[in-house]
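Listed here are the chains, written in short residue letters.
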Amino acid sequence: MSQRNNFGSKLGVVLAAAGSAVGLGNVWRFPTEVGNNGGAAFILIYLCCILFIGVPVMLSEFVIGRHTHANTIGAFRKLAPGTWWRLGGIEGVFVAFFISCYYIIVSGWTLHYMVASMCNQLTGDQDYKSYFSDFVSSPLEPVVYAVVFMLLVHVIIVRGVEKGIERFSKLMMPMLLLIIGVLVVCSFSMSGFTEGVTYMLRPDFSKVTPNIVLSAVGQAFYSLSLAMGCLCTYASYFGPDTNLAKTAVSVSVIDTCVAVLCGFIIFPAVFSVPGVEANEGPGLVFITLPHVFNIAFHNVPIIGYVFSTLFYVLLMLSALTSAISLHEVATAYIHEEWNVSRKRAACMVTVGCLLLGVACSLSMGVWNDFRICGLCLFDLFDYVSAKIILPLGGIIICLFVGWKLDRQMVYNEVTNNGTLHLGPSDAATAAGGRPSLGARLLSRLHPFRIYIFLVRWVAPTAIAVIFINELLR
Ligand code: PHE
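What comes next is a walk through the structure. Just so it is clear, the structure is predicted and the values come from calculations on it, not from any experiment.

## A look at the overall build of the protein
Okay, step 1: For the protein, the count of helices and strands is 20 helices and zero strands.
Okay, step 2: In terms of overall dimensions, the protein is globule-like: its C-alpha atoms have a radius of gyration of 22 Å, near the 23 Å expected for 473 residues.
Okay, step 3: Seen through its principal axes, the protein has C-alpha atoms that stretch 70 × 50 × 45 Å.
Okay, step 4: Of all 473 residues assigned to the protein, the portion counted as buried reaches 58%.

Dropping the structure here:
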């Protein structure tokens with residue numbers, strides 16, 4: 001088999017992983033979660049979830065991937081051959097593949113809206129609700145856009161890790177950040193800026209309930225692309241000098257900043273138009289926002305045109321970088337485990353995703369009557385992969401790194417074989433040794449110990465609670 005490719009630079013590593021994390025979840029899900037769940041109170045809880053659950057789980061995925069330099073299934077097999085732990089790897093590859101199938105359909109919608117906005121079709125006083133439902137339920141149009149989108153993903157994947165994923169992320173992520181910057185500056189001039197920002201940032205602690213904490217954990221998992229094999233697969237291409245902890249923190253910071261900035265774009269726009277509600281999900285970005293952009297900028301349509309087009313370019317690019325990371329999980333697995341060329345593996349994944357994706361798309365229209373447990377195919381894929389398999393995978397990763405893996409090996413990965421210092425008395429901490437009293441006290445609060453405590457206890461408990469809560473709903 002050909003020599004394994006790696007990312008070529010540290011910046012490439014951070015931008016590729018951030019590309020996976022920054023996606024539709026940041027642009028449409030985070031702002032509405034914040035708005036509905038107590039503004040800054042939710043942001044505070046979310047930040048705690050990122051810090052105490054998101055970063056440790058991401059670091060654990062990095063440890064598994066970088067230590068084994070293998071695809072997700074191969075990684076678990078190498079670390080625990082012949083045991084049930086390999087379910088963790090199988091979960092990653094399956095969930096990434098199934099999420100890809102419907103993710104590319106929604107991504108196709110973003111591509112359509114980008115093109116429609118560029119062609120000035122999202123203007124005027126039209127009924128955007130029927131525009132959207134007519135589009136998604138049509139048998140052909142969304143499929144065509146999904147195919148085009150998938151071909152873009154395919155081309156990048158086939159070019160390889162360094163020349164494809166890394167080069168593309170280095171180009172697209174700065175562009176994405178630039179677009180966000182321009183849109184935030186534009187939103188300063190909107191009449192609803194103060195009201196929108198206040199709505200988002202006013203801490204309303206009366207709204208904080210256990211369910212909101214669970215939503216925050218769920219949002220953190222989804223937004224950071226955890227437990228989908230994406231970050232584990234990317235980490236298998238990290239070089240020996242990549243600082244895993246620093247990378248996990250950088251990716252989380254970028255992802256969170258993008259999410260908050262998207263709120264600064266969406267809420268001022270929504271509050272500039274009286275009587276419009278910031279509803280959730282597809283309704284917000286595909287129905288409410290085109291309407292809002294039109295009314296908010298009706299005096300200067302050209303700015304409305306630029307704003308709306310840039311917004312949909314942003315949405316499409318964020319979906320693209322995430323879809324690439326999902327595709328890579330299955331491609332790396334087929335390429336390495338089935339011994340086929342990378343190009344062929346990518347073709348198999350592309351065709352498989354498209355076939356199932358088309359079925360998902362048709363289930364929003366002509367096949368809508370075909371239901372399993374009351375859910376159409378699209379919702380079924382979403383429910384089973386995101387609500388059932390994903391949390392189970394998250395728990396397996398935490399337990400695997402926290403309880404099964406050799407602690408010294410985890411320590412060596414996190415510190416690049418002791419060359420990075422996390423805090424005082426590193427060696428004693430790794431070995432669990434007991435030197436002097438002072439060192440002992442310090443080592444109790446050592447970052448590595450805290451990390452291990454979080455992945456052993458805090459993260460799996462939190463995920464298990466969400467999972468059970470979701471099942472009982
Ligand atoms: N993290 C992405 C987002 O915020 C979602 C995603 C899911 C990315 C699955 C990759 C894999 O939208």
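## A few points about empty space enclosed by the protein
Okay, step 1: The full count for this structure, using the stated rule, is two cavities of 30 Å³ or more.
Okay, step 2: What the largest cavity holds in volume is close to 140 Å³.
Okay, step 3: What lines the largest cavity is a set of 16 residues, among which S20, Y103, Y222, S225 and S322 lie closest to the centre.
Okay, step 4: Secondary structure elements with two or more residues in the lining of the largest cavity: α1 (10–21), α2 (24–36), α5 (87–118), α10 (210–223) and α14 (301–337).
Okay, step 5: Among the residues making up the lining of the largest cavity, the classes are represented as eight nonpolar, eight polar and no charged.
Okay, step 6: Each pocket or cavity is described by its volume, and for the second largest cavity that value is around 50 Å³.

## Digging into helix α12 (residues 244–271)
Okay, step 1: Compared with the 40 Å implied by 1.5 Å per residue over 28 residues, the 41 Å span of α12 between its first and last C-alpha is a close match.
Okay, step 2: For α12, the capping residue at the N-terminal end is N243, with a side-chain oxygen 3.3 Å from the backbone nitrogen of A245.

## Re the packing of aromatic side chains
Okay, step 1: A complete count under the given rule lists 33 aromatic pairs for this structure.
Okay, step 2: Summarising the aromatic geometry, the rings of F7 and Y237 are spaced 6.0 Å apart at their centres and angled 90° between planes, so their arrangement reads as edge-to-face. Here Y237 lies in the loop between α11 (230–235) and α12 and F7 lies in the segment before α1, a separation of 230 residues in the sequence. For the pair F7 and Y237, one class covers both residues: buried.
Okay, step 3: Aromatic side chains F97 and F98 sit 5.6 Å apart centroid to centroid with 75° between the ring planes, which places their arrangement in the edge-to-face category.
Okay, step 4: A cation sits over an aromatic face here: R29 above Y222, 5.3 Å from the ring centre.
Okay, step 5: Note that R456 overlies the ring of W403, its terminal NZ or CZ placed 4.1 Å from the centroid.

## Observations concerning the layout of surface pockets
Okay, step 1: Approximately 940 Å³ is the volume attributed to the largest pocket.
Okay, step 2: Sorting the residues of the lining of the largest pocket by element identifies α2, α5, α10, α16 (377–404) and α20 (447–472) as the ones contributing at least two each.
Okay, step 3: Of the residues in the lining of the largest pocket, the class split is 19 nonpolar, seven polar and eight charged.
Okay, step 4: As a volume, the second largest pocket reaches approximately 380 Å³.
Okay, step 5: The set of elements that each furnish at least two residues to the lining of the second largest pocket consists of α3 (40–68), α12 and α20.

What counts and how
Residues numbered from 1 in each chain as written. Predicted model: local features only at pLDDT ≥ 70, side-chain atom pairs only at ≥ 80, totals over all residues. Heavy atoms only, no water. Helix = DSSP H or I, 4+ residues; strand = E, 2+ residues; numbered from the N terminus. Rg over C-alpha atoms; globule rule 2.2 N^0.38 Å. Buried < 20%, exposed > 50% of the residue type's maximum accessible area, 1.4 Å probe, protein only. 1 Å grid on protein atoms, 1.4 Å probe; cavity = no way out; pocket = protein on both sides within 12 Å on 5 of 7 lines; lining within 4 Å. Points joined across faces, edges and corners; volume = space filled by probe spheres on them. Nonpolar A, V, L, I, M, F, W, Y, C, P; charged D, E, K, R; others polar. Expected span 1.5 Å × (residues − 1). Polar contact = N/O pair within 3.5 Å; in protein donor to acceptor, adjacent residues only side chain to side chain. Phe/Tyr/Trp six-rings, centres within 6.5 Å; stacked < 30°, edge-to-face > 60°. Lys NZ or Arg CZ within 6 Å of the ring centre and 35° of its normal.

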